[in-house]
Amino acid sequence: MNQVVIVTGGSRGIGAATSLLLAQQGYAVCVNYRANRASADKVVEAITQTGGRAFAMQADIAKEEDVIALFTATQQRFGPVTHLVNNAGILDKQSRLVEMSVARFRHVLDTNVIGCFLCCREALKQMPSGGAIVNVSSAASRSGAPFEYIDYAASKGAMDALTKGLSLEVAAQGIRVNAVRPGFIYTEMHADGGEPGRVDRLAPNIPLQRGGTPEEVANAIAWLLSDEASYVTGSFIDLAGGR
């Protein structure tokens, strides 16, 4: 079977680790990015240098026309998309809800929720014979992320509901939909939120006493996509060190 996967937000962090791992496992990989072409190209170069198949594609997943173009280009390059990793996501600076603007809240929802919806919809159109989707949610969907990112947590809660509902809609078509919920992972996203050292600050309160790596999350994503998880759908894997 020709395995073709789109990894949104594939140029850094969890997305980059997942792109590299899936390429090693034989997938043809579309490394999606929104703005950082150089980082996406580095991921593609690392894959192709070891004999893998990959290309980078710019698309803002909050925009319907960009998502349609992303899936069209991938199909033209590698064939129908068989797997999807909805990893792209954003957050803003740490803030209490009372200080958040509507524009900020809407921006987060547009990327994290509408983007996930659009990518799922377009993937389903290319999966008449089955496939697998993994949504990258967050431990914040369980904690609510008070005093920091309630908007982000709310968006991930919506992603969890989308995961469960969609898994039931398409199960009879042989399409599996699952999610991972990382927390306290060493990625650049913490700097986006204004605290690059956030994981180290919180590590003493994590049962495993450390932060996680993007590669640890990638391993869970790859398993959920694989035939080893053929009887798993509508499920969630929490990767937050016991929190």
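To be clear, the structure that these remarks concern was listed above.
On a predicted model such as this, the values are computed, not experimentally measured, just so you know.

Visitor: Looking at this model, I keep getting lost on the pairing of strand E2 (residues 28-33). Mind explaining?
Guide: Within a regular beta strand, the side chains point alternately toward one face of the sheet and then the other, so they alternate between its two faces. Most of E2 is tucked away, with 6 of its 6 residues classed as buried. Taking every second residue as pointing to the same face, both faces of E2 are buried, with Ala28, Cys30 and Asn32 on one and Val29, Val31 and Tyr33 on the other. With 4 bridges connecting them, strand E1 (residues 4-7) and E2 associate as parallel partners. The partner of Val4 across the bridge, within E2, is Ala28. Taking the sense of rotation as the criterion, the β-α-β connection linking E1, helix H1 (residues 13-24) and E2 turns out right-handed. Relative to strand E3 (residues 53-58), E2 runs parallel, the two being bridged by 6 bridges. Bridge pairing in E3 links Ala28 to Arg53. With helix H2 (residues 37-49) bridging E2 and its parallel neighbour E3, the resulting β-α-β unit is right-handed.

Visitor: Before we go on, may I ask you to explain helix H4 (residues 102-125) in this structure?
Guide: The α-helix advances 3.6 residues per turn, and as a result positions three or four apart in sequence lie on the same side. In a regular helix each residue adds 1.5 Å, so 24 residues correspond to 34 Å; H4 covers 33 Å between its end C-alpha atoms and thus fits that length. Remark: the principal bend of H4, roughly 35°, maps to Asp110. Taken together, the buried positions of H4 are Arg104, Val108, Thr111, Asn112, Val113, Gly115, Cys116, Leu118, Cys119, Cys120, Glu122 and Ala123.

Visitor: What exactly am I supposed to notice about the sheet that holds strand E7 (residues 236-239) here?
Guide: Two pairing modes exist for strands in a sheet, parallel and antiparallel, and in both the strands are linked by backbone hydrogen bonds. The sheet built from 7 strands is open, its strands ordered E3-E2-E1-E4-E5-E6-E7 with parallel pairing. The open sheet terminates on both sides in strands that have one partner only, identified here as E3 and E7. In this sheet, adjacent strand axes meet at a mean angle of 15° when their direction is disregarded. In the sheet, strand E4 (residues 83-86) pairs with strand E5 (residues 131-136) via 4 bridges, with the strands oriented parallel. Note that in E5 the partner of Leu84 across the bridge is Ile133. Of the strands in this sheet, E2 and E3 touch H2, which is tilted by about 170° from E3. Contacting E4, E5, strand E6 (175-182) and E7, helix H9 (residues 214-225) runs over the sheet at an angle of about 165° to E6.

Rules of the game
Residues numbered from 1 in each chain as written. Predicted model: local features only at pLDDT ≥ 70, side-chain atom pairs only at ≥ 80, totals over all residues. Heavy atoms only, no water. Buried < 20%, exposed > 50% of the residue type's maximum accessible area, 1.4 Å probe, protein only. Helix = DSSP H or I, 4+ residues; strand = E, 2+ residues; numbered from the N terminus. Pairing = 2+ DSSP bridges. Right-handed = clockwise from strand over helix to strand, strands pointing away. Expected span 1.5 Å × (residues − 1). Bend = angle between axes of the 7 residues up to and from the residue. Axes fitted to C-alpha atoms, helices over the stretch in contact; angles between N-to-C directions. Contact = heavy atoms within 4.5 Å.

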